[in-house]
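# Structural description and commentary
Residue-level listing of the chains:
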There are 2 protein chains.
Amino acid sequence: MKVAKFGGTSLANAEQIKKVCNIIRADKDRRLVVVSAPGKRYKDDKKVTDLLISYAEAFLKNGVAQQEKQAVFERYQEIVQELGLSSEVGQQIEAELEEVLSNRAGLSSERFVDAVKAAGEDNSAKVVAHYLRSLGEDAHYVNPREAGMLVTDEAGNAHVLPAAYEKLKQLRDRQGIIIFPGFFGYSEAGELVTFSRGGSDITGSILAAAVKASVYENFTDVDSVYVVNPNLVENPVEIKVITYREMRELSYSGFSVFHEEALIPAYQAEIPVCIKNTNNPSAPGTMIVSEREPSANRVSGVASDSGFCSIYVSKYLMNKEIGFGRKLLQILEEEGLSYEHTPSGIDNISVILRERDLTPAKEARIVERIKTELQVDDIAVQHDLALVMIVGEGMRQSVGTSARATAALAAAEINLDMINQGSSEVSMMFGVKASDADRAVIALYQAFFVQDEVELAKQDRHMTSMMR
Amino acid sequence: MKVAKFGGTSLANAEQIKKVCNIIRADKDRRLVVVSAPGKRYKDDKKVTDLLISYAEAFLKNGVAQQEKQAVFERYQEIVQELGLSSEVGQQIEAELEEVLSNRAGLSSERFVDAVKAAGEDNSAKVVAHYLRSLGEDAHYVNPREAGMLVTDEAGNAHVLPAAYEKLKQLRDRQGIIIFPGFFGYSEAGELVTFSRGGSDITGSILAAAVKASVYENFTDVDSVYVVNPNLVENPVEIKVITYREMRELSYSGFSVFHEEALIPAYQAEIPVCIKNTNNPSAPGTMIVSEREPSANRVSGVASDSGFCSIYVSKYLMNKEIGFGRKLLQILEEEGLSYEHTPSGIDNISVILRERDLTPAKEARIVERIKTELQVDDIAVQHDLALVMIVGEGMRQSVGTSARATAALAAAEINLDMINQGSSEVSMMFGVKASDADRAVIALYQAFFVQDEVELAKQDRHMTSMMR
């Protein structure tokens, strides 16, 4: 049994939904399907979820929001019509949507917003189920309440409850194709609660873990995950197989293919995830797995993220002072800051953190506290840093990865403010000026992916000439 | 005014003391001289301080220790005789020594041990003053109590009190050459207390800071500090100038030229320190300064230290958990462990610590606590690590230092378990297997000191051929 999840662009209009249904029908193992709300049909279009949020906000403010409601209705009307579904189906969907949008009684504002937002996915699922049935498939919409998608009662930020898995597991035994709306579940008290934005990925991951799917297919609008940001490099190398740990490190530094939390249930249940393209389903896509065969190239991806700063502290004999580091981190914690890394020398330590968290007032207060409470010799805050990262499971066993990376950065004349490589060696991280980040990524991509290809081509030619 | 401190081997016998006095007389700015107790005359000899400790221990145990006392007396008798000092001087020194060694009344064991130990330096100073006077110099023994060497009342581990500096400053105004015994001071209540072992370096540093010396000369038995351990490399490059920060990083990882705490007073008062050789005083020695001119070679030294281990911890989404690192460090602190470094990836962190601090029982307890209290996915302890370090003030501005270092290590086929480079860039650190440490040091020495020389020689030849 496969769980297939389709994103917003895959549901944006009738044409896309037809592709989705073709994909479902092409593999009879695709028996549990999760759908998002219809996304953008063209660049400046609005996602249905955004239309629903506008509606909810206007309704809460004015008690009525006819124009906003109409915008939502029109999207579904267009889809129903173009799919050639019967007018009964259209009327039924409209009536059910109308009920959700008008039912303000007894609901707090938060719950009302959650209920309205969830209608986007809910009606997507109904439409897809109707359409598949119209094609003769045994497809059924399943409501998350009925199926047992139990979540915490945190409006707009629900988390799955452990009890959910036992109930959802029973979906295995249902006949036909299940069409399941993403993005929301129900609290133990039976109230509808949504996940955080983009949460249909989470629904799919939970279902895949619950039914022990052979694979969790996540259909988007790209052929695969690339080893580097395709905006920086033309036709970059595609990632065929990657581990959860690698994916997580890459997601951290700018790879935004997948909702970060969404990987957890699949990761814990060791369900492989496959990122595929609705518009090109024959492309193999990218597999995310627990473990992978080591490849010739030990590096799986190059990424970067900017918006970091560092607080550098030095104190003579700091190294001999038990608890110094802990006290420093405690000051940051008391100021509500989480930190990213703490590279250190003997008598100095730098704390790398996200710049957005450090307001000028907070910075001044922290600097003052560190000076007076820790009696440091020197403190300096450096802004506009970027972290550039190479990620790869095989790096740990590979002598020379760091040599190749630092040589490439030196050749590009990029100064390294920081190098951080932990015992894990799934990643190696370089702190550079934000203005150098793109050049650094390109240099590392060249070193690990292009030069390698050139090497391989050379070897090939060598082999060919030897065989003559 | 210069402060000159002479170590134990420089005072070991009459011949050495004559060298010391020649050095003092060769520069009339050398007006404040600190001496250690007589050290070893040959490889298997005993230091006077060790003889005194044996005496004190035996005396405390048996109430008498004639043989041990005799051993101490003989050392001074030999020195007095061979220096050709008068029998009155010999008798006076013996009488004063006898008084200290016999005066157990009213002293705790700790205080008695401190008083006996201090007699080594105290009598060295008296002998040197007598000998200089016999040569016609205006030299005077000065007692630390009279001079105002005020210290905390921690037997065997005293620290200077801030009030001492104001009093010691007045030594500037004395006539002639002051001979000052190292290693001890007096508490505010007037009790004799010693510094930690090797503390004559501390006395010299305090005096240099107090009198604002133009330089603090520290005479030992080596021509200079070398850029690498001379046991690993034949005729290594000498360090001419080095900063306090560099010296401190090198001291940390195996360079034991100087008592670690001893640099603090000189560092804070910005007094340059010069390491010189009593047996070859014309050699320029090594200067330790606050700041230095950047040199062509950005690296000042290569060092390593073994006996480290790492605790590796990983947890999915660790990065999003505010306070995770702090809690981890708190567990270590509660178990009385200080840590050295904490390199980290996104969802993993390693803590590097000294292996000697981690008993098997402690290790088991810490692993258990981290598992249960922090709910980590994975934890692993790795033993037998070494830290190899390159140190240099200029590294921060130098593109390519890390490239050169990692290339050298890769060429030597040394796998890097860790790379740690902070924002300070006074040092760059590599975690390797302890069995690889020496090879790593040699590879880095070759890369930064030998290959550079080859490069320079090449350039020279090139210049020469161009000029022809």
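Residues numbered from 1 in each chain as written. Chains lettered and ligands numbered in written order. Predicted model: local features only at pLDDT ≥ 70, side-chain atom pairs only at ≥ 80, totals over all residues. Heavy atoms only, no water.

## As for the overall build of chain A
When helices and strands are counted, chain A shows 14 helices and 15 strands. Across the 468 residues of chain A, 57% fall into the buried class. In chain A, the proportion of contacts linking residues at least 24 apart, taken out of those at least 6 apart, comes to 75%. Total accessible area computed for chain A in this model is approximately 19400 Å², and 48% of it derives from carbon and sulfur atoms. A gap of 2 Å separates the mean positions of the 51 positive and 67 negative side-chain charges of chain A. (Helix = DSSP H or I, 4+ residues; strand = E, 2+ residues; numbered from the N terminus. Buried < 20%, exposed > 50% of the residue type's maximum accessible area, 1.4 Å probe, protein only. Contact = heavy atoms within 4.5 Å. Areas by Shrake-Rupley, 256 points an atom, 1.4 Å probe, with all protein chains shown as cover. Lys, Arg positive; Asp, Glu negative; His and termini not counted. Charge placed at Lys NZ, Arg CZ, Asp CG, Glu CD.)

## Considerations on the pairing of strand S10 (residues 286-289) of chain A
Residue and element names in this part refer to chain A. In terms of strand pairing, strand S8 (residues 241-243) meets S10 through 3 bridges, oriented parallel. By the bridge assignment, Val241 is partnered in S10 with Met287. Alignment of strand S9 (residues 273-277) against S10, held across 3 bridges, turns out to be antiparallel. When the sheet's bridge partners are listed, Ile275 is paired in S10 with Thr286. (Pairing = 2+ DSSP bridges.)

## Remarks on the pairing of strand S11 (residues 301-314) of chain B
Residue and element names in this part refer to chain B. The buried count for S11 comes to 10 of 14 residues, which makes it a mostly enclosed element. Pairing of S11 with strand S13 (residues 378-391) involves 12 bridges; the strand directions are antiparallel. Bridge pairing in S13 places Val313 opposite Ile379. Bridge analysis of S11 against strand S12 (residues 348-354) gives 7 bridges, and the strand direction is antiparallel. Across the sheet, Tyr312 pairs through a bridge with Ser350, a residue of S12.

## Remarks on the packing of helix H4 (residues 87-102) of chain B against helix H5 (residues 109-134) of chain B
The description of two helices packed together rests on the angle between their axes and the distance between the axes. Residues and elements named next belong to chain B. Relative to each other, H4 and H5 sit at 170°, their axes nearing to 9 Å. With respect to each other, H4 and H5 are oriented roughly antiparallel. As H4 packs across H5, the resulting crossing turns out to be right-handed. Residues Val89, Gln92, Ile93, Glu96, Leu97, Val100 and Leu101 of H4 form the contact with H5, whose participating residues are Phe112, Ala115, Val116, Ala119, Asn123, Lys126, Val127 and His130. Of the residues that constitute the contact of H4 with H5, the class distribution is 10 nonpolar, 3 polar and 2 charged. (Axes fitted to C-alpha atoms, helices over the stretch in contact; angles between N-to-C directions. Parallel < 35°, antiparallel > 145°, perpendicular 65-115°, else oblique. Left-handed = near helix turned anticlockwise from the far one by under 90°. Nonpolar A, V, L, I, M, F, W, Y, C, P; charged D, E, K, R; others polar.)

## What about the relation of the copies chain A and chain B?
When chain A is brought onto chain B, the operation consists of a screw motion whose angular component is 180° and whose axial shift is 0.0 Å, with 0.1 Å RMSD remaining. The transformation relating the two chain copies, once decomposed into turn and shift, fits a two-fold axis. An overlap of 100% is found between the interface residues of chain A and their copies at the interface of chain B, pointing to a shared contact surface. (Least-squares fit on C-alpha atoms with pLDDT ≥ 70 in both.)

## Some points on the interface of chain A and chain B
By convention, interface size is frequently given as the accessible area that disappears when the constituent parts associate. Facing the 63 residues of chain A at the interface are 63 residues of chain B. Together, the buried faces of chain A and chain B total about 5500 Å²; carbon and sulfur atoms form 50% of this surface. When the buried surface of chain A facing chain B is broken down by residue, A:Arg248, A:Tyr316 and A:Ile346 rank first, second and third, together holding 14% of it. Where chain A touches chain B, the interface holds 4 salt bridges. One can count 10 residue pairs in polar contact (both at pLDDT 80 or more) joining chain A with chain B. Considered class by class, the residues forming the side of chain A that touches chain B number 22 nonpolar, 26 polar and 15 charged. Pairing analysis gives 3 bridges linking strand S14 (residues 418-421) of chain A to strand S14 (residues 418-421) of chain B, with the strands arranged antiparallel. If you follow A:Ile419 over to S14(B), its bridge partner there is B:Gln421. (Buried area = accessible area lost by both parts, 1.4 Å probe. Salt bridge = Lys/Arg side-chain N within 4 Å of Asp/Glu carboxyl O. Polar contact = N/O pair within 3.5 Å; in protein donor to acceptor, adjacent residues only side chain to side chain.)

## Describing the domain arrangement of chain A
All names here are of chain A. According to the domain assignment, chain A consists of domain 1 (2-289) and domain 2 (301-462). Taking only C-alpha atoms into account, the centre of domain 1 sits 37 Å from that of domain 2. Facing the 16 residues of domain 1 at the interface are 21 residues of domain 2. In this assembly, domain 1 packs against domain 2 so that about 1600 Å² is buried in total across both faces, 65% of it on carbon and sulfur atoms. Applying the counting criterion to the domain 1 and domain 2 interface returns 1 salt bridge. With its nearest N and O atoms 2.7 Å apart, the salt bridge here joins Arg245 to Glu393. (Domains from an automatic or database assignment.)

## Section: the sheet that holds S14(A)
Within the open sheet, the 10 strands sit side by side as S12(A)-S11(A)-S13(A)-S15(A)-S14(A)-S14(B)-S15(B)-S13(B)-S11(B)-S12(B). Their pairing is antiparallel. Either end of the sheet is taken by a strand with one partner, and the two such strands are strand S12 (348-354) of chain A together with S12 of chain B. Neighbour to neighbour, the strand axes of the sheet diverge by 30° on average, direction disregarded. Running at roughly 135° to strand S13 (residues 378-391) of chain A, helix H9 (residues 244-252) of chain A makes contact with strand S11 (301-314), S12, S13 and strand S15 (427-433) of chain A together with S11 and S12 of chain B of the sheet. In the packing of helix H13 (residues 401-411) of chain B onto the sheet, contacts are made with S14 of chain A together with S13, S14 and strand S15 (427-433) of chain B, and the angle to S15(B) comes to roughly 20°.

## Structural notes on the UniProt feature "binding site: ATP" (unreviewed entry) in chain A
All names here are of chain A. Cross-referencing UniProt, the feature "binding site: ATP" (unreviewed entry) maps to Lys5, Phe6, Gly7, Gly8, Thr220, Asp221 and Tyr226 in the present numbering. By the element assignment, Asp221 lies in the loop between strand S7 (215-220) and S8. Not counting residues within four places of it along the chain, the set of residues in contact with Asp221 comprises Thr9, Asn277 and Asn279. Looking at where Tyr226 falls in the secondary structure, it is placed in the loop between S7 and S8. Residue class for Tyr226 comes out partly exposed when judged on its relative accessible area of 21%. Those residues within four positions of Tyr226 in sequence are excluded, and the remaining contacts are Pro236, Val237, Glu238, Ile239 and Phe255. (UniProt positions renumbered as here; feature names shortened; annotations may be inferred.)

## Digging into helix H1 (residues 14-26) of chain A
All names here are of chain A. Its 13 residues place the ends of H1 18 Å apart at the C-alpha level, agreeing with the 18 Å of an ideal helix rising 1.5 Å per residue. Within the sequence span of H1, burial applies to Ala14, Gln16, Ile17, Val20, Cys21, Ile23 and Ile24. Tucked into the core, H1 has its buried residues touching strand S1 (2-6), strand S2 (30-35), helix H3 (66-82), helix H5 (109-134), strand S4 (177-181) and S7. Its side-chain oxygen placed 3.2 Å from the backbone nitrogen of Glu15, Asn13 serves as the N-cap of H1. (Expected span 1.5 Å × (residues − 1).)

## So, the pattern of salt bridges
It is possible for side chains of opposite charge to pair when their charged atoms get near one another. Residue and element names in this part refer to chain A. Within this structure, the stated rule accounts for 54 salt bridges over all chains. We note a salt bridge from Lys2 to Asp27, for which the minimum N-O separation is 2.5 Å. Taken together, the positions of Lys2 in strand S1 and Asp27 in the loop between H1 and S2 put the pair 25 residues apart, joining distant regions of the chain. Each of the two residues, Lys2 as well as Asp27, counts as buried. Ionic pairing is found between Arg292 and Glu246, a salt bridge with its closest N-O pair at 2.8 Å.

## So, the sheet that holds S4(A)
All names here are of chain A. Here 8 strands make up an open sheet; going across it, the order is S3-S4-S2-S1-S7-S9-S10-S8 and the pairing mixed. Each edge of the sheet is formed by a strand with only one pairing partner; in this case those strands are strand S3 (139-141) and S8. The mean inter-strand angle of the sheet, taken between neighbouring strand axes irrespective of direction, is 20°. The sheet strands contacting H5 are S2, S3 and S4, and the helix crosses S3 at an angle near 160°.

## Comments concerning the UniProt feature "binding site: substrate" (unreviewed entry) in chain A
Residues and elements named next belong to chain A. Under the UniProt annotation, the feature "binding site: substrate" (unreviewed entry) is placed at Thr49 and Glu121. These annotated residues cover 73 residues of sequence, and their C-alpha atoms lie no more than 8.4 Å from one another, placing them together at a single site. Here Thr49 lies in helix H2 (residues 48-62). For Thr49, a relative accessible area of 6% translates into the label buried. With residues near it in sequence (within four places) discarded, Thr49 still touches Ala37, Glu121 and Arg197. Within the secondary structure, Glu121 sits in helix H5. Look past the residues within four positions of Glu121 in its chain and what remains in contact with it is Val35, Ser36, Ala37, Thr49, Pro181, Gly182, Phe183, Phe184 and Ser200.

## Focus on the packing of H3(A) against helix H4 (residues 87-102) of chain A
Residues and elements named next belong to chain A. Look at H3 against H4: their axes get within 11 Å of each other, and the N-to-C directions meet at 160°. What the angle tells us is that H3 and H4 run roughly antiparallel. Seen along the crossing, H3 lies across H4 with a hand that is right-handed. Together, Lys69, Val72, Phe73, Tyr76, Gln77 and Val80 of H3 and Gly90, Ile93, Glu94, Leu97, Glu98, Leu101 and Ser102 of H4 make up the contact between the two elements. Class assignment of the residues belonging to the contact of H3 with H4 gives a composition of 7 nonpolar, 3 polar and 3 charged.

## As for the side chain of A:Asp417
By secondary structure assignment, the location of A:Asp417 is in the loop between helix H13 (401-411) and S14. A distance of 3.3 Å separates a polar atom in the side chain of A:Asp417 from a polar atom in the side chain of A:Gln382.

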